[in-house]
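# Report on the structure
Each chain, letter by letter, is given below.
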Amino acid sequence: MSHRSAELFLQAQEFLAGGVSRNTLLRQPHPLYVASGNGCRVVDVDGVERIDFANNMASLIHGHAHPAIVEAVTAQVKRGTAFTMATEVEIAYARHLCGRSANFDKLRFVNSGTEAVMAALKAARAFTGRAGLAKTEGAYHGAYDYAEVSQAPGPQNWGAPDRPASVPLAVGTPEGVLHDVVVLPFNDPEAATAALNEHRDEIACVLLDLMPHRLGLVRADDSYVQALREWTMENGALLVFDEVITFRTEVGGMQARYEASPDLTAMGKMIGGGLPVGALAGRDEVMKVFSVQGGAPPRLPHSGTFSANPLTMAAGLAAMQLFDADATARLNRLGDVARSKIKEAISVAAVPASVTGTGSMFRIHLRSTPPRDYRSLFPSPAEAEALRLFIDGLYDAGVVMIYSGAGALSTPMGEAEVDALAEAVLTSLRTVKTRLPGSGSGAAT
Ligand SMILES: Cc1ncc(COP(=O)(O)O)c(C=O)c1O
């Protein structure tokens, strides 16, 4: 129990619906309120310091208050934060990002990953003239109605494994939305292709995260991505990658690790340098849907009051210039060390647990066999409760993590922070050991 945070949550509930503006912050018995962050450490309002492996849901690649980003933002804030005029820094940043991948001919900035995915789906519709979309079951792509379909189905409504049902997330989701979204099983090319074949002339695009965190941070197989690429090409549809999280994996995003290239890519999180951001990049021919051509209105009219605001542009450009090939490779190596030390902790604690992820991301599962997809990940109530207690234990041991068991490294981290993480994992696993289904009884050694 954190006294000041408890007090603040009481105040918050008077004015904020549910006490927060984002449900991700909710934890029992109340959210923690932060006082400040510096590098990879955060201090809460009760003065407790922790190492931050959540990094605002994997969005802070350089941790908190990196001097170069602070300098860039401070200089820009003095010159103004938003204008009804374009800025040079927007061009400089677009040039930088387009230079990171051969798949990015042109780009548009928006304000969140949700918006980037929404713009990508609408661009695909505008390009193809079709309304239908396809996505993998359980994948999280932000808060656009269509992208939310089958984000969190359960055994009671998810349908057959090879032909998942289109399940609404929010009460009141229009039937038309469900009708327009085909849900695909993950890493099953035959079943995915069969489901798509039922809608050959209706699909504008297939939306895919190459390592969806809600599916356990498991990588999409090359054969799966290739099958989706081939199907979309043969059927006049586009392939859209959601790299809002995975872009950190390589200089040009996780797509650099695949042979198949997307038509469009949605980005967000780390490319804002700590400020709200989203971006959509892709093939010139497709991105033309945003352009006014010969006086005719664009196929996809698109604006946003704060899109490409110079504050975000300055922060993002500074952050991404720092996150070059060497920095990416160093953080990926540290990710390998983190996953191997977590494995060691699991083995010392002798509990049924496992770790997934690649590059600078990892996810801990309280099961000896890592998940393959959304359904194999789906926890029983006892498993969900054990995971909650495990993450609470990490907080108690001085580590901030995402409550799914996922974590992301930041560049201020080194082996010392990874050692501290592994130690916290060991301590917390020992504490929850007896609560883990399948671990047998008896105290941890
Ligand atoms: C893969 C993916 N896509 C899209 C989003 C939505 O981004 P935002 O929260 O910036 O709207 C998220 C956010 O967690 C995400 O993880």
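What you see is a predicted model, and the numbers here were worked out from it, not measured in a lab. (Residues numbered from 1 in each chain as written. Predicted model: local features only at pLDDT ≥ 70, side-chain atom pairs only at ≥ 80, totals over all residues. Heavy atoms only, no water.)

## Topic: the overall build of the protein
A tally of regular secondary structure across the protein gives 15 helices and 16 strands. The globule rule puts the C-alpha radius of gyration for 445 residues at 22 Å, and the 22 Å found for the protein is close to it. For the C-alpha atoms alone, the extent of the protein along its principal axes is close to 70 × 55 × 45 Å. Within the protein, the fraction of its 445 residues that count as buried is 55%. Residue pairs at least 24 apart in sequence account for 67% of intrachain contacts in the protein once pairs closer than 6 positions are excluded. Taken as a whole, the protein presents about 19,000 Å² of accessible surface, with 54% of it coming from carbon and sulfur. One way to put it: in the protein the 39 positive side-chain charges average out to a point 2 Å from where the 47 negative ones average out. (Helix = DSSP H or I, 4+ residues; strand = E, 2+ residues; numbered from the N terminus. Rg over C-alpha atoms; globule rule 2.2 N^0.38 Å. Buried < 20%, exposed > 50% of the residue type's maximum accessible area, 1.4 Å probe, protein only. Contact = heavy atoms within 4.5 Å. Areas by Shrake-Rupley, 256 points an atom, 1.4 Å probe, with all protein chains shown as cover. Lys, Arg positive; Asp, Glu negative; His and termini not counted. Charge placed at Lys NZ, Arg CZ, Asp CG, Glu CD.)

## Some points on the sheet that holds strand 1 (residues 34-38)
A sheet is described by the order of its strands in space; here four strands give the open sequence 1-2-3-15, paired in mixed fashion. For this open sheet the edge positions go to strand 1 and strand 15 (399-400), each flanked by a neighbour on one side alone. Here strand 2 (residues 41-44) pairs with strand 3 (residues 49-52) via three bridges, running antiparallel. From the neighbouring strand, R41 faces strand 3, where its bridge partner is I51. (Pairing = 2+ DSSP bridges.)

## Quick word on the packing of helix 12 (residues 325-349) against helix 15 (residues 415-432)
Orientation of helix 12 relative to helix 15, taken along the N-to-C sense of each, is 25°, at an axis distance of 9 Å. Comparing their axes, helix 15 and helix 12 come out roughly parallel. Here helix 12 and helix 15 pass one another in a crossing that is right-handed. Each of L334, V337, A338, K341, I342, A345, I346, V348 and A349 in helix 12 lies in contact with helix 15, whose residues at this interface are E415, V418, D419, L421, A422, V425, L426, L429 and R430. Residues belonging to the contact of helix 12 with helix 15 are distributed by class as follows: 14 nonpolar, no polar and four charged. (Axes fitted to C-alpha atoms, helices over the stretch in contact; angles between N-to-C directions. Parallel < 35°, antiparallel > 145°, perpendicular 65-115°, else oblique. Left-handed = near helix turned anticlockwise from the far one by under 90°. Nonpolar A, V, L, I, M, F, W, Y, C, P; charged D, E, K, R; others polar.)

## Points about the environment of G304
With respect to the helices and strands, G304 occurs in the loop between helix 10 (284-287) and helix 11 (310-322). Counting along the chain gives 39 residues from G304 to K343, while the straight-line C-alpha distance between them is 45 Å.

## Quick look at the packing of helix 8 (residues 189-197) against helix 9 (residues 222-234)
Between two packed helices, both the angle of their axes relative to each other and the distance between the axes serve to describe the pair. Between helix 8 and helix 9, whose axes approach to 9 Å, the crossing angle comes to 20°. Considering the angle they form, helix 8 stands roughly parallel to helix 9. The way helix 8 lies across helix 9 gives a crossing that is right-handed. Packed against helix 8, whose contacting residues are P189, A192, T193, L196 and N197, the element helix 9 presents S223, Y224, A227, L228 and W231 at the interface. Of the residues contributing to the contact of helix 8 with helix 9, the split by class is seven nonpolar, three polar and no charged.

## A few points about the nonpolar core
Counting residues in each nonpolar core, the largest one holds 65 residues, and the members touching the most others are I271 and F390. At eight residues, helix 12 tops the list of elements feeding residues into this core. Looking at this core, you find at least three residues from each of domain 1 (32-61 + 324-435) and domain 2 (70-322). Residues in contact with F390, not counting those within four places in the same chain, are I364, L366, V425, S428, L429 and V432. Grouped together as the second largest cluster of nonpolar side chains are 31 residues, L121, A124, V177 and A266 included. (Core = buried A, V, L, I, M, F, W, Y, C linked by side-chain atoms within 4.5 Å. Domains from an automatic or database assignment.)

## Thoughts on the pattern of salt bridges
Considering all chains together, one arrives at 20 salt bridges under this definition. Residue E137 pairs with R375 through a salt bridge whose shortest N-O separation is 2.9 Å. Separated by 238 residues along the polypeptide, E137 in the loop between strand 5 (132-136) and helix 6 (145-148) and R375 in helix 13 (residues 374-377) bring together distant segments of the chain. Judged by its relative accessible area of 18%, R375 falls in the buried class. (Salt bridge = Lys/Arg side-chain N within 4 Å of Asp/Glu carboxyl O.)

## Digging into helix 9
Turn by turn, an α-helix covers 3.6 residues, leaving residues three or four places apart pointing in a common direction. The terminal C-alpha atoms of helix 9, which comprises 13 residues, lie 18 Å apart, in line with the 18 Å expected from a rise of 1.5 Å per residue. Turning to helix 9, its buried residues number three or more, namely Y224, V225, A227, L228, R229, W231 and T232. The elements touched by buried residues of helix 9 are strand 5, strand 8 (181-184), helix 8, strand 9 (203-208) and strand 10 (238-242). Just past helix 9, the residue G236 takes up positive phi, approximately 65°. (Expected span 1.5 Å × (residues − 1).)

## Looking at the domain arrangement of the protein
Taken as a whole, the protein is organised into domain 1 (32-61 + 324-435) and domain 2 (70-322). Summarising the inter-unit geometry, the C-alpha centres of domain 1 and domain 2 are found 26 Å apart. Listed by partner, the interface residues are 28 residues for domain 1 and 34 residues for domain 2. Approximately 2,400 Å² of surface area, both sides summed, lies buried where domain 1 meets domain 2, with 59% of it carried by carbon and sulfur atoms. Taken as a group, M361, Y374 and R375 account for 32% of the area that domain 1 buries against domain 2, more than any other trio of residues on that side. For the pair domain 1 and domain 2, the number of links is one salt bridge. Within the residue set of the side of domain 1 that touches domain 2, elements represented by two or more residues are helix 2 (55-58), helix 12, strand 14 (361-365) and helix 13. The dominant element in the side of domain 1 that touches domain 2, judged by the number of residues it contributes, is helix 12, at five residues. Classifying every residue of the side of domain 1 that touches domain 2 by side-chain character gives 15 nonpolar, eight polar and five charged. (Buried area = accessible area lost by both parts, 1.4 Å probe.)

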